[in-house]
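What follows is the residue order along each chain.
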Amino acid sequence: MSSHTYRHYPYRRPAELDGRGGRRPVVIAGAGLAGPTLALALALRGVPSVILDEDDTVSVGSRSICQARHSLEVWDRFGVARRMVDKGITWEQGEVYLGDRPIYHFNLAPEPGHKFPAFVNLQQYYVEEYLFERCLADDLIDLRFRHRLVGVQAGADGVTVEVETPDGRYALDAEWLVACDGVRSTVRHLLDLPFPGEVFHDQFLIADIRLASELPKERRFWFYPPFHPTNSVLLHRQADNVLRVDFQLGRDADPEEEKKPENVDRRLRQMFGPDTRWEHEWTSVYTFTCRMMERFVQGRVIFAGDAAHVVSPFGARGGNAAIADVDNLAWKLARVLSGASPAALLDTYCSERRAAARENILNSTRSTDFITPKFPAARAFRDAALSLAREFPFARALINSGRLSVPTAQSGSPLDTPDGDADWRSGPAPGLAMLDAPVANRGGGFLIDHVGPEFTLISFAGRVADLPELPAGVTGLMVAREGSAPAGWTVLHERDGLVRQRYDGRAGTAYLIRPDRYVAARWRKPAGSEVASALRRATGNG
Amino acid sequence: MAETASGGLRQTLNLAQPDDIFSAIVDAHRGLSDEQCRALDAGLILLLANHVGDAGVIREVLAAARRALEGGAT
């Protein structure tokens, strides 16, 4: 049905079947969005990994299509984000309709000056293709297709997995196993770990169709549209003239009936009119659950992405949270493997990303409750908010068709050094993601281009003599209009003063940025040992 | 009785012409079906909540109304 040509990747006989191989630092279960991203983030820090996938191709169906800025920033470190932007549909604004009238318009990127847009819509199979290609070109990554994980034996200081291949079974020893194997995680099932949460019964129909159209690039959402008058409809554009139309069907729909092409076509004709022609790309009727594991780190087995937590699709919080998970995990795992940090650092992967998962579940549940009211009074309030929105701006803010994914606040993490100075007018506080801004450097026109895979200290000292002491292994960025910097420091040439503005930078201001681009600490003027002390704390050595 | 409870919800009369306002609220529902009344009330509550603005007071109002409901009308 799909016009996409799925590439099949070759199976290779593993060395283990011939008695070679040996213990691996990291084995990753699952080659979806999270697994390959984790492998690339580990390779960036010199850590080799093996990825096991039972299949030999990418995601069938477009599935997770909204790639958020924070995910693109992660993928940019591997050189694949630009390709995604070029292929996908960039969008930053959305329109909500009541009936056929627009009632609410939102802009996710009101400020210019970021390397990446708020969102790029790109089918999951393209994202995976680009990631697989990049993994296969990396000497540190061993991506194994048609290798099915069938057993896990977790010990105190390592894991042994049993793998089935077309040539037979073999055992693979690893220091750490990371389960990125999705909502039906085999690893989670094999270890018999619970996945508690809430089941939602409303059904939705995804009709991905190929339709050459001049439709705007914005996300569009209708409550009670004339072409589907009892429910809601969500519309996204994707690459290759593919449209994602998502019809709310209600609880009582018959999924087998709804999936029949003639029934899908009938709904689409009501929407696009009798003369429009389209081809079907992918059809799916889905319900969803919100679930979260109690611990993401279980001894030497770590869970990430949908394997650890799932949400409803409203808000693009599934795939993007998975990328944020592995970005949080990779630098910590690399430090633990090298002995630079104690294994307890990984407990903060669990606490920080469980807090993020809770926030994602809360937001996605609220969106779901607004879109699919669960009892008559809930519907009355939802409809009242919609009706009032025509006239009153306050009611537009209540309309919840999905609160779209942004980096989660990690406030209160034990890795953060809380603000000691009180006079911050703006700028990201410890526990918040750093902000991008344009710079005039030849080697990269944006601040994020200069933030490396280890810790970074951004200083607004102004004069070289006033720069704080730079701890070993930390990249120094000195924000200045011109001039040169001492060893270890790079001068960040300002453009439009936006770095200063976004960080409330005054003479002496400094920010310590984590490898995953979160702020670990900030000062108006760090005293002698404060940076080194914050670094120890942020690396679990405090 | 104190003018306000600890969270700030006013407990004593704050309307100059209480009978006028009471009648106006009731009259707004005249001739409507139960379903239309529910829709009207939902809009009223959202408008008033936004006007009040204070999240603590709104939560107190919700709790107080719920208490009154459980206590019954007489």
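Residues numbered from 1 in each chain as written. Chains lettered and ligands numbered in written order. Predicted model: local features only at pLDDT ≥ 70, side-chain atom pairs only at ≥ 80, totals over all residues. Heavy atoms only, no water.

**Q** Is there a simple way to explain the overall build of chain B in this structure?
**A** When helices and strands are counted, chain B shows three helices and zero strands. Along its sequence from the N terminus, chain B presents helices and strands in the succession α-α-α. About 6,000 Å² of surface is accessible on chain B, with carbon and sulfur atoms providing 58% of the total. (Helix = DSSP H or I, 4+ residues; strand = E, 2+ residues; numbered from the N terminus. Areas by Shrake-Rupley, 256 points an atom, 1.4 Å probe, with all protein chains shown as cover.)

**Q** How should I be thinking about the pairing of strand 6 (residues 101-107) of chain A in this particular structure?
**A** Consecutive side chains along a regular strand alternate between the two faces of the sheet. All names here are of chain A. Judged from the six bridges that link them, strand 5 (residues 93-98) and strand 6 form a sheet pairing that is antiparallel. If you follow Q93 over to strand 6, its bridge partner there is N107. The hairpin turn running from strand 5 into strand 6, its antiparallel successor, is two residues long, and G99 in that turn takes a positive phi close to 65°. (Pairing = 2+ DSSP bridges.)

**Q** In this structure, what is going on with the interface of chain B and chain A? I would like to understand it.
**A** Often, the extent of an interface is quoted as the loss of accessible area on bringing the components together. Across the contact, eight residues belong to chain B and 10 residues belong to chain A. In total, about 760 Å² of surface goes out of reach between chain B and chain A, with carbon and sulfur atoms giving 86% of it. Per-residue buried area on chain B facing chain A is highest for B:R38, B:L46 and B:L47; these three make up 60% of the total on that side. Summed over the shared surface of chain B and chain A, the number is zero salt bridges. Here chain B is connected to chain A by zero residue pairs in polar contact (both at pLDDT 80 or more). (Contact = heavy atoms within 4.5 Å. Buried area = accessible area lost by both parts, 1.4 Å probe. Salt bridge = Lys/Arg side-chain N within 4 Å of Asp/Glu carboxyl O. Polar contact = N/O pair within 3.5 Å; in protein donor to acceptor, adjacent residues only side chain to side chain.)

**Q** Would you mind showing me how to read the packing of aromatic side chains here?
**A** The geometry of an aromatic ring pair comes down to the distance between the two centres and the angle between the two planes. Residues and elements named next belong to chain A. Enumeration according to the criterion identifies 24 aromatic pairs over all chains in this entry. On the basis of an interplanar angle of 40° and a centroid distance of 6.2 Å, the ring pair of Y126 and Y130 is categorised as tilted. Of this pair, Y126 and Y130 both sit in helix 4 (residues 124-136), four residues apart, which is roughly one turn of that helix. Since its relative accessible area comes to 10%, Y126 is described here as buried. Taken together, a centroid distance of 5.2 Å and an interplanar angle of 80° make the contact between W222 and F227 edge-to-face. Three or more aromatic residues link up through ring pairs in this structure, and these residues are F200, F204, Y286, F288 and F314. One Lys or Arg, R524, reaches over the ring of W424 and ends 3.8 Å from the middle of that ring. (Phe/Tyr/Trp six-rings, centres within 6.5 Å; stacked < 30°, edge-to-face > 60°. Buried < 20%, exposed > 50% of the residue type's maximum accessible area, 1.4 Å probe, protein only. Lys NZ or Arg CZ within 6 Å of the ring centre and 35° of its normal.)

**Q** Can you help me understand the sheet that holds strand 21 (residues 309-310) of chain A in this one?
**A** To summarise the sheet geometry, strands pair through backbone hydrogen bonds and adopt either a parallel or an antiparallel arrangement. Residue and element names in this part refer to chain A. Within the open sheet, the three strands sit side by side as 12-18-21. Their pairing is antiparallel. The sheet is open, and its two edges are formed by strand 12 (197-199) and strand 21, each paired on a single side. Helix 9 (residues 345-371) contacts strand 12, strand 18 (289-292) and strand 21 of the sheet and is inclined by roughly 165° relative to strand 18. (Axes fitted to C-alpha atoms, helices over the stretch in contact; angles between N-to-C directions.)

**Q** Explanation requested: the side chain of A:Q123 in the structure shown.
**A** All names here are of chain A. With respect to the helices and strands, Q123 occurs in the loop between strand 7 (119-121) and helix 4. Within the local environment of Q123, its side chain forms a polar contact with the backbone oxygen of A239, the two atoms lying 3.0 Å apart. Residues within four places of Q123 in sequence aside, it is in contact with S62, S64, I65, Q238, A239 and V242.

**Q** Help me understand empty space enclosed by the protein, please; the structure alone is not making it clear to me.
**A** Empty pockets left among the atoms are what a rolling probe the size of a water molecule brings to light. Inspection of every chain in the model, using the stated rule, returns one cavity of 30 Å³ or more. The computed volume of the largest cavity comes to approximately 50 Å³. Per-class residue counts for the lining of the largest cavity are three nonpolar, four polar and two charged. (1 Å grid on protein atoms, 1.4 Å probe; cavity = no way out; pocket = protein on both sides within 12 Å on 5 of 7 lines; lining within 4 Å. Points joined across faces, edges and corners; volume = space filled by probe spheres on them. Nonpolar A, V, L, I, M, F, W, Y, C, P; charged D, E, K, R; others polar.)

**Q** Honestly, the domain arrangement of chain A in this entry has me stumped. Any pointers?
**A** Residues and elements named next belong to chain A. Entries for chain A in the domain assignment read domain 1 (15-89 + 117-194 + 290-364), domain 2 (198-289) and domain 3 (409-542). The centre of domain 1, based on its C-alpha atoms, is set 30 Å off from the matching centre of domain 2. Listed as interface residues are 21 residues of domain 1 and, on the opposing side, 18 residues of domain 2. Roughly 1,600 Å² is buried in total at the junction of domain 1 and domain 2, and carbon and sulfur atoms are behind 55% of that figure. Sorting the residues of domain 1 by area buried against domain 2 places I89, C290 and F314 first, and these three jointly supply 35% of that buried surface. A salt bridge links K87 to D240, with the shortest nitrogen-to-oxygen separation between them at 2.8 Å. The tally of links between domain 1 and domain 2 comes to nine residue pairs in polar contact (both at pLDDT 80 or more). (Domains from an automatic or database assignment.)

**Q** Sorry, what's going on with the packing of helix 1 (residues 34-43) of chain A against helix 4 of chain A here?
**A** Two numbers describe a pair of packed helices, the interaxial angle and the distance between the axes. Residue and element names in this part refer to chain A. Contact geometry for helix 1 and helix 4: axes closest at 10 Å, N-to-C directions at 35°. Every pair of crossing elements has a handedness; the one defined by helix 1 and helix 4 is left-handed. On helix 4, the residues touching P36, T37 and L40 of helix 1 are L131, F132, R134 and C135. (Left-handed = near helix turned anticlockwise from the far one by under 90°.)

**Q** Honestly, the sheet that holds strand 7 of chain A in this entry has me stumped. Any pointers?
**A** All names here are of chain A. Pairing is antiparallel in the open sheet, where three strands are placed in the order 3-7-4. Because the sheet does not close on itself, it has two edges, and the strands there are strand 3 (66-68) and strand 4 (89-91). Taking the axes of each pair of neighbouring strands and ignoring which way they run, one obtains an average angle of 30° across the sheet. Strand direction decides the pairing type here: strand 4 and strand 7, joined by three bridges, are antiparallel. Along strand 7, the bridge assignment pairs I89 with N121.

**Q** In this structure, what is going on with unusual backbone geometry? I would like to understand it.
**A** Leave glycine aside and you will find that most residues have negative phi; peptide bonds, for their part, are mostly trans. Residue and element names in this part refer to chain A. Of note, the phi angle at Y224 is positive, near 50°, even though the residue is not glycine. Considering the arrangement of structural elements, one finds Y224 in the loop between strand 14 (219-223) and strand 15 (232-238). The exposure class of Y224 is partly exposed, given its relative accessible area of 23%. In this structure, D496 is a non-glycine residue whose phi angle is positive, near 60°. Within the secondary structure layout, D496 lies in the loop between strand 24 (489-493) and helix 12 (498-502).

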